[in-house]
Amino acid sequence: WRPFLQSESLLDGAASDAAQDELPADASWGMRTRRRLARAWDKLLVHLLKSQYLTCFKVFVGFWQVVSTFRTNIQISWPANLEKLWAWASIFRLNIFDLPASACLLKDYSYTKKLMGFTLSVFLILFLLALPLLILLASGRRSTAKYNAVFNSFCFAGLFLLFLVYPSLSIFSTMTFRCQEIESQHYLSMDLRHSCPWKDPGSALFIWGVLSTLLFPLGVPLLMWGVMVYWGVPVMARTKRDKAILERMLWV
């Protein structure tokens, strides 16, 4: 939202840093302080994006996302301390349902409500992130510096959000079809209050599970691949690889 709220002159790439820092002569101390903090925050973000810190953070988050799935995916008797660690590690998947405190508060919620609530909340957040972009599109301001800045911010924030929730959404979606047999009756493994969705293809849980499986476990990787193709990432990767091979050959 920040590029959307900024003035067009601040987003113009041709504007110099000095011009961007210009303030009215009668600007208050608070306005000047906010401008300095905003400029410092922008420089910090640029530094983080250009450095390896963001990559290290993604690796760290990805590690705990995988570890946190052991409790659900590997059906063995874990020690109590590891059970608690896996539960708290689920925060890296933005899965509030596995946290010990929320698990107690939401124990009366069925698996259908949890699945629908989780998936719909992601769509709601994505809609709020896309709202500035939609406003600019509706106002016909597509070929402006503001639109480019808002579009870039939306792509970064949206893909980072999907990166965080992808493991949880994939597990929630695919676990919809994991059932177990108890006394000749088939029940949903994640919530024994539900009968197996395979036995009732017309149920809300089965339909929502199919849709969420198509949208998230299958759709998110395709979306990220499409974004990389759109930005020319495969071409850049091949160019860097060819350049590295050539430099290595010349060096040898």
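Rules and cut-offs
Residues numbered from 1 in each chain as written. Predicted model: local features only at pLDDT ≥ 70, side-chain atom pairs only at ≥ 80, totals over all residues. Heavy atoms only, no water. Helix = DSSP H or I, 4+ residues; strand = E, 2+ residues; numbered from the N terminus. Buried < 20%, exposed > 50% of the residue type's maximum accessible area, 1.4 Å probe, protein only. Contact = heavy atoms within 4.5 Å. Areas by Shrake-Rupley, 256 points an atom, 1.4 Å probe, with all protein chains shown as cover. Pairing = 2+ DSSP bridges. Axes fitted to C-alpha atoms, helices over the stretch in contact; angles between N-to-C directions. Disulfide = S-S within 2.5 Å.

Across its full length, the protein carries twelve helices and three strands. Every one of the 252 residues in the protein was classed for burial, and the buried ones make up 30%. Put simply, 62% of the contacts in the protein that link residues at least 6 apart link residues at least 24 apart. Carbon and sulfur atoms form 68% of the exposed surface of the protein, whose accessible area is close to 16600 Å².

A few words on the sheet that holds strand β1 (residues 179-182). Across the sheet, which stays open at both edges, the three strands sit in the order β1-β2-β3 with antiparallel pairing between neighbours. Each of the sheet's edge strands pairs with one partner strand only, and the pair in question is β1 and β3 (191-195). Neighbour to neighbour, the strand axes of the sheet diverge by 50 degrees on average, direction disregarded. Across four bridges, β1 lies against strand β2 (residues 185-188) in antiparallel orientation. Looking across to β2, one finds that Cys179 is bridged to Leu188.

So, on to the state of the cysteines. With the rule as written, the count across this model stands at one disulfide. Here Cys179 pairs with Cys196 through a disulfide, and the sulfurs are 2.1 Å apart. Judged by the torsion about the S-S bond (80 degrees), the Cys179/Cys196 disulfide is right-handed. Here Cys196 lies in the loop between β3 and α11 (204-230) and Cys179 lies in strand β1, a separation of 17 residues in the sequence. For Cys179, a relative accessible area of 24% translates into the label partly exposed. Look at Cys196 and you get buried, because its relative accessible area is 3%.

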